[in-house]
Amino acid sequence: MTDAAGTFAAYADDREDARFTDWLRARSEPGWTEATTHRFVRELGGGDLSEEVFRRYLVQDYAFLETGVGAFGHAVGQAPTMDAKSRLAGFLATLTGDENDYFERAFETLGVSESTYGDPEVAPTTAAFRDLLERAAREGGYAETLAVLVPAEWVYRAWATAIEKPPDRFYFAEWVDLHAVDDFREFVAWLRAELDREGAAASQRRQRRIERLFVRTVELEAAFFEAAYDPALDPAGGDRPW
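Conventions we followed
- Residues numbered from 1 in each chain as written.
- Predicted model: local features only at pLDDT ≥ 70, side-chain atom pairs only at ≥ 80, totals over all residues.
- Heavy atoms only, no water.
- Core = buried A, V, L, I, M, F, W, Y, C linked by side-chain atoms within 4.5 Å.
- Buried < 20%, exposed > 50% of the residue type's maximum accessible area, 1.4 Å probe, protein only.
- Helix = DSSP H or I, 4+ residues; strand = E, 2+ residues; numbered from the N terminus.
- Contact = heavy atoms within 4.5 Å.
- Salt bridge = Lys/Arg side-chain N within 4 Å of Asp/Glu carboxyl O.
- Axes fitted to C-alpha atoms, helices over the stretch in contact; angles between N-to-C directions.
- Parallel < 35°, antiparallel > 145°, perpendicular 65-115°, else oblique.
- Nonpolar A, V, L, I, M, F, W, Y, C, P; charged D, E, K, R; others polar.

This brings us to the nonpolar core. Ranked by size, the top nonpolar core spans 74 residues in total, and within it Phe40, Phe54, Tyr57 and Trp159 carry the most contacts. For this core, the element with the most residues is helix H9 (residues 142-161), which contributes 12 residues. If we skip the residues at most four places from it in the chain, Phe54 touches Phe40, Leu44, Leu49, Tyr102, Leu110, Tyr171, Phe172 and Trp175.

Here we come to the pattern of salt bridges. Opposite charge on two side chains makes pairing possible when the charged atoms of those side chains draw close. In the structure shown here, the tally under the stated rule is 19 salt bridges. Salt-bridge contacts for Glu198 lead to Arg197; the nearest nitrogen and oxygen are separated by 3.0 Å. What you see here is one network of salt bridges that share partners, running through Glu51, Glu52, Arg55 and Arg169.

With that settled, the discussion passes to the packing of helix H2 (residues 20-27) against helix H11 (residues 182-201). Where H2 contacts H11, the axes come no closer than 7 Å and their chain directions differ by 90°. Classified by the interaxial angle, the pair formed by H2 and H11 is roughly perpendicular. Seen from H2, the contacting residues are Phe20, Thr21, Asp22 and Leu24; seen from H11, they are Arg192, Leu195, Asp196, Gly199 and Ala200. Looking at side-chain class alone, the contact of H2 with H11 contains 4 nonpolar, 2 polar and 3 charged residues.

Here it is as structure tokens:
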């Protein structure tokens with residue numbers, strides 16, 4: 001782990017306008033850099049990612065989507081204001097609408113059958129990620145749920161906005177665009193502000209719990225990208241067509 005200040009109080013002591021989420025990001029190194037500059041996102045941004053790797057990744061990401069939707073739904077119930085509930089519900093509509101539509105079109109183009117992406121073999125990393133999200137929402141409060149949702153979305157905003165020229169293939173370009181458009185940037189900024197407020201107000205013991213959830217989420221993001229390079233994750237398992 002990074003040598004950043006071990007507590008938020010120590011981190012904020014010599015900084016004006018210190019942000020809780022900046023402290024969390026610093027505490028998550030080197031995982032943050034590994035996730036946001038992983039070879040997967042470099043090859044995706046350059047249009048050099050193999051279709052096989054991207055297929056594996058998309059199938060696993062789609063398996064994760066339902067859990068992510070559930071976590072955001074849980075956050076809607078936990079959110080302290082109607083405005084926050086509305087913002088979260090609006091993003092839920094994006095996940096179940098625009099993003100789901102993207103998955104279906106990409107799967108069709110890449111030759112992934114509905115039976116494959118509808119009932120996939122879930123990779124260990126995907127299972128661990130789903131378990132983390134579910135436990136954070138089930139066992140904690142709003143801050144704990146945000147502790148996994150914020151890095152999960154912020155990592156994507158970070159790598160996607162670093163790509164200067166969209167790749168040619170639509171399923172690459174649209175995946176980048178979904179996480180680089182102004183609406184998504186603004187939503188992630190809002191999510192961070194929510195966690196900034198909740199985290200700064202939490203006890204030091206609770207801040208530690210939030211930190212552990214954040215750091216683990218970042219580690220799993222990097223592992224999720226790496227897992228896509230494992231041929232053992234092929235949905236076909238080598239025995240049946242896509």
